[in-house]
Structures are given as structure tokens and as C-alpha cells.
Amino acid sequence: MIVPMLKYTFLVFHREYEDFLIELNRLGLVHIAERDVELSEETTIKIAALKKYEQAINFLEKRENETAEKPTLYSAPEILVDLTEKQKELEELESRLESLSKAAQKALPWGNFSPQLIEQLKNERIHIHFYSLSKKKYNELEQNNLPIAIISETGSQVLFMYIKRNEEDIELDAEELQLPPLPYAAIQKQISETAEQIKAINKTLDSYANNSVYLLEEEKTTLIRSLEFDKVIRNTNKEAEDKLMVLEGWVPHTKTPALNQFLKNSDAVYFSRRAKPDDKIPVLLKNNRFSKLFEPIGSMFSLPDYAELDLTVFFAPFFMLFFGFCLGDAGYGLLFVIGGGLYKLKAKPEFKPYLSLIQFLGVATILFGAISGTFFGINLIETNFALTDQVRHLFLDPNKMFNLSLILGGIQIIFGLFIKATNQTKQFGLSYALATYGWLIILIGSIAYVLLSGAGIIPQNKSILYGVIALGGFFVLFFSDPGVNVFARLGKGVWDVYSTVTGIFGDLLSYIRLFALGLSSAILGFVINDIGLQILGSSKLLGPVFFVVFLLLGHTLNILISSLGSFVHPMRLTFVEFYKNAGFKGGGEEYKPFGRMKDE
């Protein structure tokens, strides 16, 4: 659910405003109402500095290792400047090292020549030209008694030099090459020097990573606090010749007693009111222990708008069931439950809710593994286990699992329409929800007629069905938009009929993915077991060893791949099919009180 918000307006004398803000910051209850004002130059500089500190911390945290080297700087701003320079220098040196390595590869065939000696020979009118030729053609060329000599051989190619006096006019049928600017030994020396420079910089960076991150973290926190105060000052109205400071903010209804107690003991004048439809209201969610586990999943899409319903409590059970349907192996689910429980014993408190979520998803996986008769890739329907003889008839075969996926999809779609009607009634009034109720009458009435008439409870009189469709159709055609005239309503109603009919059928077919993913996971598990059994029978000595290793690796890989699909596709069904049919608008702004850090 969304916690109701109250809007507070504070009026404070300018001399007391700083102390008032310090106390307000300490309380950490008020979400500041922002105005449309530009950032000051000072604030812009602070934001840029904060980004640099975050980048520096991330960079250092990735390279932590053991080193005895102690840093020579103990001031966060100095460390940041030196770190930035060292990163830039390191990048340049690594780029230079790469270039030198490529140059060394090119210079290797030429050996350790002397550029000065070649220049001296040139001054004596002795010119040396360099060529590349196949070994066969070089041997033919050598028979002409020309002044040539091999420098190096690479495969079938020969690198050689041809000595000319006074630039004799003799042309060779070979590819002429240019001598590298430096010999191989000189380049290797530069490579060694560059590598030593890189090593020295890395040593300094490692010392920062092991000893100075906390200093950068402290400076980052200080900057965040400072920016929070800047934000409050920026959104403060100054009245009565800047003598009166006026600040507005939002406070959850559940936290107003603590704020009111503080305000009674201060000299500030204040008043509060309930939220209005045109207000920009922050959103704070408050759900039960089960639904709260699924809030991070909902926030991946968007927070709900303040005026609408929070859908977390509604999609949580469906998401859990859909995950179990997609993974669909009781053995895998058992691992989730046991593994999550064991890891909880040593996990940090902030990570335990995610482990609880994994355990709930594991319970759903056990449930659907039991329904489909799958345990670590073993098909219990076709396997003659004595333990399953009495319950084998209860397992659902693939055809029934296919139908079950459509049934679950239909239930979620109809449930979403109920939520949509409730949301419309809450936000705009009953008349705006009548079209949605019309669709519910058509869908539920048609399903009820088919089931009841098929069971012989009511007569198979299609007049009943037509009457239900006519009643629902009336609301759909004439109440799709109560704010316009009757002819416009009719036109919008016709369009609503087309878009909803095609949309619902398309949405319903999307739920087939539940069956498809569950089937693929089961087939992969079966194939892994089948190959494992073949390995087991291949050798009496090594067969059992490789059998166990293959099963462990195969099922681990299957769990990882199938779990990813089992998480992503239910999330897709939630955010697309369910949210659309529930009329979810989203776009809510998160409640972020002044003075409360994100990780507090």
C-alpha cells in the first residue's frame, strides 16, 4: 500500500533557519518539495566533484589487493587529484606499451642494427636497400652474384639487404621495405622502462585501494550532506525582505507525531494539509513481510503514482507462482529453500530479504515440480517409483500443464481488470469504471455460462449468454469516456471493443511461455540424466566418478539458465500484461527525506 502523505509548510525567522534545518536534518522525516529553480554554480561544482569521488571509489574497490606500501597523501581532495593524474598517466603508459609491443614485433626480424652506421655508409655513397622475397626466388637471385645478404627468414619469406654504390641503376623484382626507426633491442629497452613506470603507478594505486578508500567515502558523504542542504536552501522561499524563510515538504502520515513534537518545541510556525490531486507527491510503500520482498522487482519498472493503488501485494503471489511454473522442478526448488536457509546463517542483514525471496520462489518451484511430476530431471509420471504409485494419477501431463498456463493467465487478466476498475473508481469516480466493469460482466458471465451449462446446473439457453454480453456491452459502448457526448462515447466504445478483444487474446497467449519454459527446463534435466547414465555404464572404474561430476555440472548449468528465464519472463508478464490490464500508470517519485542517507 501507499502511505498517505501530509504537506507541511514551515515559516522560520531567518536567524533561526540554520539551526532549524540542522534539527530537521537530524530527524530525517521531511521530503523537500522542489521548486523549478536553476542550480547554482557552487552546487554544480559539488555535483561534479561527487561524481569524481564515486568513480574513484569504484576504481579503487575493483583493484584491492595485499600490499605493504603506505600512501603518502592523507587528504581526500589531494588523493583525488593525484589519483586522477595517475589514472591518466597509467592510461597513456598502457597505450604506449601497446604501441611499443607492436613496434617490437615489426622490428624483431630486422635484428639489432645501427641506424647511425647506416647513415654513415650513406654519406660514403654506399646505399643499403631492404627487400622481402620468397626463398625460392631469393635463391635464383643469389645466382646473379649481386651484393645481397640475408637478414632473417620467416617461414617461406626471406628478408634481405641489397648494397649499392652510387645508387647503381639496378632494379630488383622484389618488394622493397622500409627499415624500422629503432632496432629491436632499443624498443625492448623502452618497453622495460615503460613497464617499470606502470608497475610504480600500480603500486601507488594499490596503496590507495588498501588504505585510502575510507577517506574518499567520508568526503563523498560530506558532499552528499552538503548537497542536501543546498537543495533545501534552493527550494526555500524568502519573504518579508528575506526575513522569513518558507519551506514546504512532505511527511508520511505515520511519521507526523515525531515531527509535530519537534515543531512544538521550536519557534517555527507551521501548518499541514492533505495532498491535492495536482500536487507532486512522493511515494512511500508499506507492505506486509511477504509482499515487501517483491518491492525491488516492482521498482525495476516504476513506482506507482500516489493517486493509484500499489500493485506489489497483487502481483507478488502471481510472480512467485509463475517462477515456479517456469522452473518446474521440485528438486531444484528444494535446493533453493535449503540453500537460502543455510546462507541466511552468515548473510548480512540487508541481504537476508533477498534470500527469503529465493526461498519463496523455491517453494513455488517445489509446488509446480510436484504438480508436473519432475524431480531433478526425473519424470515421475513415467518412472516406476514405489513412493509415487499412490499419487501418480495426480500429476499433470504436458497437455494439462499447457491448459493450466492459460487458466492462470486468464485469472491474472481478470484480476487485473478488477484492480483497474477499483483504481478508476478511486481516482475518477464510479462512472469512469463502468466500462471496465462491463468487460468483467462479459468475461466472467461468459465463463460462468459455459461452466454452469456444461455441468447441467443451468439450461443451455444462449439467450442468457446474449443477455450477459448485451449488459456488459452497454457499459462498454456508452461509458468508455463519460466526459464526452453520447456520439463520441459510442465511437470510443467501438474502438475499446476492438482494442480490448484483440489485446486480451494476445495477452492470454503470452502466458503460454510459462508452459514452454517449464517444459524446456524439464527436457534439459532429462537429457542431462540420460547422458549421465550413458557415462555411468561406459566404465566400471571411472564411470561413477564422471557420472557424478557430469550431473553436478549439468544440473548446475540448467538451474542457472532456467532460473534466469524463470525470473525474466514472469517479470515481463507482470510489467506488460498484468500492469496493462490493471491500468497501471506509474511514474511515482520515491520518498527521500532530508537527512536520511540512501543506505540508512
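This structure is a prediction, so every number in the text was calculated from the model and none was measured.

**Description of the overall build of the protein chain**
Reasoning step 1: A count of helices and strands for the protein chain gives 19 helices and 13 strands.
Reasoning step 2: Taken against the 2.2 N^0.38 rule, which gives 25 Å for 600 residues, the C-alpha radius of gyration of the protein chain at 37 Å runs more than 25% over that of a compact globule.
Reasoning step 3: Across its three principal axes, the protein chain shows a C-alpha extent of roughly 115 × 85 × 60 Å.
Reasoning step 4: Residues classed as buried in the protein chain amount to 39% of the 600 residues present.
Reasoning step 5: For the protein chain, contacts bridging at least 24 residues in sequence account for 78% of all contacts bridging at least 6.
Reasoning step 6: Here the protein chain displays about 34700 Å² of accessible surface, and carbon together with sulfur accounts for 60% of that area.
Reasoning step 7: Positive and negative side-chain charges in the protein chain, numbering 59 and 67 respectively, have mean positions lying 7 Å apart.

**Notes on helix α6 (residues 184-211)**
Reasoning step 1: In this model, α6 (28 residues) spans 41 Å end to end at C-alpha, consistent with the 40 Å of a helix rising 1.5 Å per residue.
Reasoning step 2: Of the surrounding elements, those touching the buried residues of α6 are α2 (41-61), α3 (76-107) and α7 (213-234).

**As for a negative patch on the surface**
Reasoning step 1: Residues Glu85, Glu89, Glu91, Glu92 and Glu94 make up a contiguous surface patch of negative charge.
Reasoning step 2: Note that Glu94 resides in helix α3.
Reasoning step 3: Relative accessible area serves as the criterion here: at 41%, Glu94 is assigned to the partly exposed category.

**Side note on the confidence of the model for the protein chain**
Reasoning step 1: Confidence in the prediction of the protein chain, expressed as mean pLDDT, is 87, and 96% of residues score 70 or more.
Reasoning step 2: Looking over the protein chain, one finds the lowest element-wise mean pLDDT in strand β6 (residues 175-177), namely 82, and the highest in helix α11 (residues 312-327), namely 94.

**Observations concerning the pattern of salt bridges**
Reasoning step 1: All chains considered together, the criterion is met by 13 salt bridges.
Reasoning step 2: We note a salt bridge from Lys231 to Glu34, for which the minimum N-O separation is 3.3 Å. Placement of the pair is Lys231 in helix α7 and Glu34 in the loop between β2 (31-32) and α2, with a sequence separation of 197 residues.
Reasoning step 3: With a closest N to O distance of 2.6 Å, Lys492 and Asp481 form a salt bridge.

**Side note on the nonpolar core**
Reasoning step 1: Formed by 23 residues in total, the largest nonpolar core has its most connected members in Phe294, Ile297, Leu311, Phe315, Phe319 and Tyr579.
Reasoning step 2: Broken down by element, the residue count for this core peaks at 6 residues, all from α11.
Reasoning step 3: Once residues lying within four places of it in the same chain are set aside, the contact partners of Phe294 are Thr312, Phe315, Ala316, Phe319, Met320 and Leu357.

**Here we look at α2**
Reasoning step 1: Its 21 residues place the ends of α2 30 Å apart at the C-alpha level, agreeing with the 30 Å of an ideal helix rising 1.5 Å per residue.
Reasoning step 2: Check the buried side of α2 and you find it contacts α3, α6 and α7.

**Looking at the packing of aromatic side chains**
Reasoning step 1: Evaluated as defined, the whole model comprises 39 aromatic pairs.
Reasoning step 2: Consider the rings of Tyr17 and Phe20, whose centres lie 6.4 Å apart with planes at 15°: the pair is stacked. Residue Tyr17 and its partner Phe20 are both found in helix α1 (residues 17-27); the two are separated by 3 residues, about one turn of the helix. Side by side, Tyr17 and Phe20 carry an identical accessibility label, which is buried.
Reasoning step 3: Note on Phe323 and Phe336: the rings are 6.2 Å apart at their centroids and 40° apart in plane angle, and the pair reads as tilted.

**A few points about the sheet that holds strand β5 (residues 157-165)**
Reasoning step 1: Within the open sheet, the 4 strands sit side by side as β4-β5-β3-β6. Their pairing is antiparallel. Where the open sheet ends on each side, the last strands, each with one partner, are β4 (148-154) and β6. Sheet twist, expressed as the mean angle between neighbouring strand axes with direction ignored, is 30°.
Reasoning step 2: In terms of strand pairing, strand β3 (residues 126-134) meets β5 through 9 bridges, oriented antiparallel. Its bridge partner lying in β5, Ile128 is registered against Ile163.

Rules and cut-offs
Residues numbered from 1 in each chain as written. Predicted model: local features only at pLDDT ≥ 70, side-chain atom pairs only at ≥ 80, totals over all residues. Heavy atoms only, no water. Helix = DSSP H or I, 4+ residues; strand = E, 2+ residues; numbered from the N terminus. Rg over C-alpha atoms; globule rule 2.2 N^0.38 Å. Buried < 20%, exposed > 50% of the residue type's maximum accessible area, 1.4 Å probe, protein only. Contact = heavy atoms within 4.5 Å. Areas by Shrake-Rupley, 256 points an atom, 1.4 Å probe, with all protein chains shown as cover. Lys, Arg positive; Asp, Glu negative; His and termini not counted. Charge placed at Lys NZ, Arg CZ, Asp CG, Glu CD. Expected span 1.5 Å × (residues − 1). Patch = residues over 30% accessible without salt bridge, like charges linked within 9 Å, V, L, I, M, F, W, Y side chains within 5 Å. Salt bridge = Lys/Arg side-chain N within 4 Å of Asp/Glu carboxyl O. pLDDT = per-residue confidence, 0-100. Core = buried A, V, L, I, M, F, W, Y, C linked by side-chain atoms within 4.5 Å. Phe/Tyr/Trp six-rings, centres within 6.5 Å; stacked < 30°, edge-to-face > 60°. Pairing = 2+ DSSP bridges. Axes fitted to C-alpha atoms, helices over the stretch in contact; angles between N-to-C directions.

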